[in-house]
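Close look at the chain arrangement
So the chains spell out like this:
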Amino acid sequence: MTAAFVLGINMSVAGIFAVAFAVVAATNRSARGAWWLALGYGMGIVNVGLEFLLTQQSDPTPVGVAIFLVFLSALSFALIGVSHHYRVLPPWRAMVAIWTATLLLVPVIFSMTYGSLLRLALYQLPYFAMQALFGLAIWRSGRRQALDLLLIALQGVAAMLYLLKPLFAAMVGTARAPQGYMATTYAAISQSGSVVALMAIALVLLLITMRDTTAEMIARSETDSLSSVFNRRGFEQHAEEALARGEREAVLIAADLDHFKQINDNFGHAAGDGVIAHFAAMLSAAAPADAIVGRVGGEEFAVLLPSALLSDGRLYAEAVRTAFAEAQLPVLGIDRRFTASFGVAQLMRPEGLSDLFQRADSALYRAKAGGRNQVRVALGDLPPAPARGAA
């Protein structure tokens, strides 16, 4: 298999993945970084085209320098794309440092004897450094799923290939001039390794993009756009999953904004929406990390506290009730305070979520009937009263 044939495969693969990432970017705005990845793989096509052009040059230096810098540009664009996808800041300082060192090395590298071990090592060093930053960017994101770890491993393998290329050249030999590069065994080995790494990394990146895009679509379908907490469907789904995990204790808090119709009538629906968003934010801020918060009706909310007791649920509800009643909302143009009522119920096995909801709603109804702006607990959860005359 000649290097020219492998380079042709590289060009085709780069083109396929450039188009694939461009399609992903054009059809899904949430696919962060896809345009950068498309640009990176597109630069790969330019790089391969320059490799073919090199064989026809009497003075190979200008095209050789272009090949050197274009491929580093391709890696840089892909790194920016991966960083954006993983929602981490691209490592700009490290990238600038690599580019600065590379530009300073250009006259040094291209003044050395072609095919020398030192020249080959210096040539591959910027690629190794840039490729290594991929794994660091993914690791910094904190994602540790199987595909993320696989991508980190592949990036590490790709980085090591750059360090090994000078050793391959020393073992099998290389051309005496750049124009003869594609006729060498070293070129075939080098380009074959590149195409395998290119395909593996691109395929895993596409799988990760599809995985994360699907997860975002599911999250959007389960999230209430106004309050940014779960909608009823999302709340019930996640609450059912939490209870199915076998939680021995759990508490459900049902909450309802008091006199909400008056808020809309007196201040307008925009103000009413602002009150809902503010209340949801307070529910989320006061809740523990494993809590499930949802807007289950117009002005109705529910919070599931896994691994919690009735007393925990009541303390949480009282804390939110007090904070909300004391809150001022001047940014909404509202000159009065608002209140909310709460019902709290503790899970009693073997009941399910619907039964738990029913008892929390009953407690909430008593809070409303009792004057609003208060917390009531489901009576069935209260401990039995001690017998008369008990010590």
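We now turn to the structure provided with this report. (Residues numbered from 1 in each chain as written. Predicted model: local features only at pLDDT ≥ 70, side-chain atom pairs only at ≥ 80, totals over all residues. Heavy atoms only, no water.)

We now examine the nonpolar core. Of all hydrophobic cores here, the largest spans 54 residues; its most connected members are Phe21, Met130 and Leu151. Put simply, the parts of the chain that give this core at least two residues each are α1 (3–27), α2 (34–54), α3 (61–85), α4 (92–109), α5 (117–140), α6 (146–172) and α7 (185–222). Setting aside residues up to four positions removed in sequence, Met130 forms contacts with Leu72, Leu75, Ser76, Leu79, Met95, Ile98 and Trp99. Val275, Leu305, Tyr316 and Phe338 belong to the second largest nonpolar core, which has 32 residues in total. (Core = buried A, V, L, I, M, F, W, Y, C linked by side-chain atoms within 4.5 Å. Buried < 20%, exposed > 50% of the residue type's maximum accessible area, 1.4 Å probe, protein only. Helix = DSSP H or I, 4+ residues; strand = E, 2+ residues; numbered from the N terminus. Contact = heavy atoms within 4.5 Å.)

In this section: the pattern of salt bridges. Throughout the structure, instances matching the rule amount to 11 salt bridges. One salt bridge in this structure joins Lys261 and Asp265, with 2.8 Å as the shortest N-O distance. Of this pair, Lys261 and Asp265 are both found in helix α9 (residues 260–267), four residues apart, which corresponds to roughly one turn of the helix. (Salt bridge = Lys/Arg side-chain N within 4 Å of Asp/Glu carboxyl O.)

So, on to the pairing of strand β1 (residues 250–257). The buried count for β1 comes to eight of eight residues, which makes it a mostly enclosed element. Covered by surrounding structure in β1 are Ala250, Leu252, Ala254 and Asp256 together with Val251, Ile253, Ala255 and Leu257, the residues of both alternating faces. In this structure, β1 lies alongside strand β4 (residues 340–346), joined through seven bridges in antiparallel fashion. Among the inter-strand pairings, Leu257 is bridged to a residue of β4, identified as Ala340. (Pairing = 2+ DSSP bridges.)

Further remarks concern a nonpolar patch on the surface. A cluster of nonpolar side chains, namely Leu125, Met160, Leu163, Leu164 and Leu167, defines an oily patch on the protein surface of about 400 Å² accessible area. Top contributing element to the nonpolar patch by residue count: α6, with four residues. With respect to the element layout, Leu163 can be found in helix α6. Accessibility expressed as a relative area gives 37% for Leu163, which makes it partly exposed. (Patch = residues over 30% accessible without salt bridge, like charges linked within 9 Å, V, L, I, M, F, W, Y side chains within 5 Å. Areas by Shrake-Rupley, 256 points an atom, 1.4 Å probe, with all protein chains shown as cover.)

This next bit is on the side chain of Ser227. With respect to the helices, strands and loops of the structure, Ser227 is situated in the loop between α7 and α8 (232–244). By relative accessible area, which is 8% here, Ser227 ends up buried. Here Asp224 takes part through its side chain, which lies 2.5 Å from a polar atom of the side chain of Ser227. The residues touching Ser227, leaving out its near neighbours within four places in the chain, are Ile276, Ala277, Ala280, Arg295 and Phe301. (Polar contact = N/O pair within 3.5 Å; in protein donor to acceptor, adjacent residues only side chain to side chain.)

It is worth spelling out the packing of aromatic side chains at this point. Enumeration according to the criterion identifies 17 aromatic pairs in this entry. Judged by centre distance (5.8 Å) and plane angle (90°), the ring pair of Tyr123 and Tyr127 falls under edge-to-face. Taken together, the residues Tyr123 and Tyr127, both in helix α5 and four residues apart, mark about one turn of the helix. Owing to a relative accessible area of 15%, Tyr123 belongs among the buried residues under this scheme. According to the relative accessible area criterion, Tyr127 is buried, its value standing at 4%. (Phe/Tyr/Trp six-rings, centres within 6.5 Å; stacked < 30°, edge-to-face > 60°.)

Let us look at the layout of surface pockets. In this model, the largest pocket occupies a volume close to 950 Å³. Lining the largest pocket we find 47 residues, and of these Asn47, Phe71, Tyr127, Lys165 and Ser194 sit closest to its centre. Elements with a minimum of two residues in the lining of the largest pocket: α1, α2, α3, α5, α6 and α7. If one sorts the elements of the lining of the largest pocket by residue count, α7 sits on top with nine residues. The residue inventory of the lining of the largest pocket, partitioned by class, reads 29 nonpolar, 15 polar and three charged. (1 Å grid on protein atoms, 1.4 Å probe; cavity = no way out; pocket = protein on both sides within 12 Å on 5 of 7 lines; lining within 4 Å. Points joined across faces, edges and corners; volume = space filled by probe spheres on them. Nonpolar A, V, L, I, M, F, W, Y, C, P; charged D, E, K, R; others polar.)

Tracing the sequence through the fold places Asp273 in helix α10 (residues 269–286). On a C-alpha basis, the gap between Asp273 and Leu226 in space is 7.1 Å, while along the polypeptide they are 47 residues apart.

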